[in-house]
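Report on the structure
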Amino acid sequence: MDNAILVVDDEAGIRQSLKGILEDEGFEVETVASGEECVKLVSSRCYGCVLLDVWLPGMDGIEVLERIKEVCPETSVVMISGHATIETAVKATKMGALDFIEKPLQLEKTVQTVKLALTQHGLAVENRKSLLEIIGESAPMRALRQQIAIAAPTQGRVLIYGESGTGKELVANALHRQSQRAKNNFVAMNCSAVPEDLIESELFGHVKGAFTGASSPKQGKFELAHQGTLFLDEVGDMSPKMQAKVLRVLEEQKFEPVGSSTAISVDVRIISATNKRLAEEMERGNFRADLFYRLNVIPFQIPPLREHLEDVPLLVEHFNRVFAARNNKPVKEFTVDAIELMQNYDWPGNVRELRNLVERIVIMVPKVKITANDLPIRRSEKPASSYDFSSYKEASEAYEREFLCRKLAEWQWNISRTAEAIGIDRSHLYRRMKALGIPRNGQP
Ligand SMILES: Nc1ncnc2c1ncn2[C@@H]1O[C@H](COP(=O)(O)OP(=O)(O)OP(=O)(O)O)[C@@H](O)[C@H]1O
Ligand SMILES: [Mg+2]
């Protein structure tokens with residue numbers, strides 16, 4: 001955790017007075033006069049609190065806020081506003097600004113706000129840390145931790161396989177934190193979500209004016225991850241264009257930002273993840289072989305939760321404590337039959353599904369004792385194929401139930417989103433759930 005404070009304001013008087021009073025309180029304070037300088041500093045170090053002027057020449061406060069939240073989501077940002085409009089305030093709050101202080105600054109109030117902001121930062125860091133722990137004492141989880149310990153301190157590129165929600169990002173993060181790159185950035189990039197025409201700008205950044213809309217320069221993911229780790233998520237979904245661009249940087253270790261002719265050299269460790277069978281995608285011609293072999297130096301396989309159900313009690317206990325603390329709620333008591341039911345469920349959404357279930361219970365269920373009846377899950381049944389169904393109706397309903405439960409779990413039991421994803425009406429999905437006896441979201 002870092003308790004340093006960064007003041008960003010173009011008025012020298014404000015910078016000086018804030019630095020003065022905050023240093024008197026014993027804080028480490030740095031000051032800069034522009035958004036551009038701020039962005040540069042936060043990409044090399046995470047501050048506990050940034051005091052950020054809304055109106056800045058060049059890159060404005062809102063844009064700077066967005067960049068800070070991108071690289072250091074736990075940094076508390078307090079906006080300094082001379083005459084901020086309601087819209088700006090709403091926008092800033094939505095983007096994660098913690099508070100506002102008005103000019104002219106009231107020193108007493110400012111110090112108080114900063115202290116609260118640093119406390120908030122501490123809590124956010126603690127919370128993130130506990131959510132970064134890899135829980136589980138089963139043989140596959142122990143083996144996984146051991147593999148991480150061996151691979152982490154090397155430069156080896158790791159390719160992580162696993163179903164959705166098994167903890168691929170968590171493992172990527174652990175590899176980073178246990179490496180010598182730990183004090184530099186861990187930058188995650190979801191390869192399936194980048195629009196085709198922004199690929200280069202996302203990866204390599206751009207200079208001001210490189211294209212319409214490029215009103216200020218932007219660092220790409222490779223540059224942000226310099227001396228750190230770049231996590232390429234969903235690599236199996238990279239478009240051919242992106243595959244070609246990434247391959248080139250891996251070969252040359254350098255690139256040019258869009259609109260610039262000066263190459264930037266970077267030292268980045270790549271960790272990638274996918275839930276697709278990449279070797280098959282390669283055979284089908286969807287994934288370049290040269291890129292595959294570059295990424296797949298050390299393959300990791302994370303087992304689905306149904307293959308280490310003995311970890312369920314520990315996981316439940318862990319999330320129970322974390323979410324009770326985070327939401328200021330009492331820790332729940334899960335009865336033996338509740339735990340037993342959870343150990344006999346097949347968790348199609350894996351640890352994420354279990355985490356969401358516990359979080360929902362901690363927040364939504366008022367009583368402390370949680371029994372099997374309070375859980376919106378049912379004992380897993382044998383796969384439909386091994387059933388001896390007496391009628392077509394029975395067989396197709398069993399399949400439909402299994403399919404819908406899996407899809408609902410994938411969408412955190414949100415009926416509208418699930419219906420959209422599988423291409424039916426919300427009301428139709430709701431009727432089918434009722435007919436098949438599938439309980440609704442968190443309300444058994
Ligand atoms: N062994 C574990 N111990 C504690 N938490 C875990 C474990 N495995 C997964 N989690 C938690 O489950 C959630 C899902 O994990 P993560 O995002 O890493 O999954 P993923 O494999 O990247 O999924 P997706 O393919 O859907 O992106 C996270 O909140 C993560 O912290
Ligand atoms: Mg993921």
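Note that the structure is predicted; figures quoted are calculated from it, not measured. (Residues numbered from 1 in each chain as written. Chains lettered and ligands numbered in written order. Predicted model: local features only at pLDDT ≥ 70, side-chain atom pairs only at ≥ 80, totals over all residues. Heavy atoms only, no water.)

In total, this model carries 1 disulfide according to the counting rule given. The residue that forms a disulfide with Cys-46 is Cys-72, at a sulfur-sulfur distance of 1.9 Å. The sign of the -85 degrees torsion about the S-S bond sets the Cys-46-Cys-72 disulfide as left-handed. Taken together, the residues span a long stretch of sequence, with Cys-46 in the loop between α2 (35–42) and β3 (49–53) and Cys-72 in the loop between α3 (61–71) and β4 (76–81) at a distance of 26 residues. (Disulfide = S-S within 2.5 Å. Helix = DSSP H or I, 4+ residues; strand = E, 2+ residues; numbered from the N terminus.)

Our focus in this paragraph is the packing of helix α17 (residues 415–422) against helix α18 (residues 426–436). Axis separation between α17 and α18 bottoms out at 8 Å; the angle between their running directions is 105 degrees. Looking at the two axes, α17 sits roughly perpendicular to α18. Between α17, through Ile-415, Ser-416, Thr-418 and Ala-419, and α18, the contact on the second element is made entirely by Arg-426, Leu-429, Tyr-430 and Met-433. Counted by class, the contact of α17 with α18 contains 5 nonpolar, 2 polar and 1 charged residues. (Axes fitted to C-alpha atoms, helices over the stretch in contact; angles between N-to-C directions. Parallel < 35°, antiparallel > 145°, perpendicular 65-115°, else oblique. Contact = heavy atoms within 4.5 Å. Nonpolar A, V, L, I, M, F, W, Y, C, P; charged D, E, K, R; others polar.)

In sheet architecture, strand pairing relies on hydrogen bonds along the backbone and comes in two forms, parallel and antiparallel. The 5 strands are arranged β2-β1-β3-β4-β5 in an open sheet whose pairing can be described as parallel. On the outer flanks of this sheet lie β2 (29–32) and β5 (99–102), each paired with one strand and no other. Averaged over neighbouring strand pairs, the angle between their axes works out to 20 degrees when direction is ignored. Where strand β1 (residues 5–8) meets β3, 4 bridges bridge the pair, whose relative direction is parallel. Looking at β3, one finds that Ile-5 is bridged to Cys-49. (Pairing = 2+ DSSP bridges.)

The next subject is the nonpolar core. In terms of nonpolar packing, the biggest core is built from 55 residues, with Leu-52, Met-79, Phe-222, Leu-230 and Leu-232 touching the most fellow members. Judged by nonpolar contacts, the second largest core, of 40 residues, contains Leu-357, Val-365, Cys-405 and Leu-436. (Core = buried A, V, L, I, M, F, W, Y, C linked by side-chain atoms within 4.5 Å. Buried < 20%, exposed > 50% of the residue type's maximum accessible area, 1.4 Å probe, protein only.)

We now examine the pairing of β4. For β4, the tally of buried residues reaches 6 of 6 residues, placing the bulk of the element in the interior. Burial of β4 is two-sided: the residues Ser-76, Val-78 and Ile-80 facing one way and the residues Val-77, Met-79 and Ser-81 facing the other way are all buried. Bridge count for β3 against β4 is 5 bridges, and the pairing is parallel. Within the sheet, the bridge partner assigned to Leu-51 lies in β4 and is Val-78.

With that settled, consider the domain arrangement of the protein. Partitioning the protein into structural domains gives domain 1 (5–130), domain 2 (140–301), domain 3 (305–380) and domain 4 (388–444). Where domain 1 abuts domain 2, roughly 630 Å² becomes buried across the two surfaces, and 38% of that area is made up of carbon and sulfur atoms. Remark: the boundary between domain 1 and domain 2 carries 0 salt bridges. Here domain 1 and domain 2 share 3 residue pairs in polar contact (both at pLDDT 80 or more) between them. (Domains from an automatic or database assignment. Buried area = accessible area lost by both parts, 1.4 Å probe. Salt bridge = Lys/Arg side-chain N within 4 Å of Asp/Glu carboxyl O. Polar contact = N/O pair within 3.5 Å; in protein donor to acceptor, adjacent residues only side chain to side chain.)

In spatial order, the strands read β7-β10-β13-β6-β14; together these 5 strands make up an open sheet with parallel pairing. Lying at the two open borders of the sheet, with one neighbouring strand each, are β7 (186–190) and β14 (298–301). Averaged over all pairs of adjacent strands, the angle between their axes in this sheet comes to 20 degrees, without regard to strand direction. Two strands pair when backbone bridges link them, and β7 and strand β10 (residues 229–233) are joined in this way by 5 bridges, in the parallel orientation. Bridge assignment links Met-189 to a residue of β10, and that residue is Leu-232. This element, helix α6 (residues 139–151), spans β6 (158–161), β13 (269–274) and β14 of the sheet and lies at about 160 degrees to β14.

Judged from the 4 bridges that link them, β4 and β5 form a sheet pairing that is parallel. Residue pairing for β5: Ile-80 is matched across the bridge by Ile-101. Note that the unit made of β4, helix α4 (residues 86–94) and β5 has a crossover that is right-handed. (Right-handed = clockwise from strand over helix to strand, strands pointing away.)

Before going further, it helps to spend a moment on the packing of aromatic side chains. Using the criterion set out here, one finds 8 aromatic pairs in the structure. Arranged with centres 5.2 Å apart and planes meeting at 75 degrees, the rings of Phe-292 and Tyr-293 form a pair that is edge-to-face. The exposed category is assigned to Tyr-293, whose relative accessible area is 55%. Put simply, the rings of Phe-204, Phe-222 and Phe-255 touch in pairs and so form one group of aromatic residues. (Phe/Tyr/Trp six-rings, centres within 6.5 Å; stacked < 30°, edge-to-face > 60°.)

Residues Lys-103 and Pro-104 are joined by a peptide bond in cis, for which omega reads -5 degrees. Note on placement: Pro-104 falls in the loop between β5 and α5 (107–130). With a phi angle near 60 degrees, Asn-328 is a residue other than glycine that sits in the positive phi range. Mapped onto the elements, Asn-328 comes out in the loop between α13 (312–327) and β15 (333–334).

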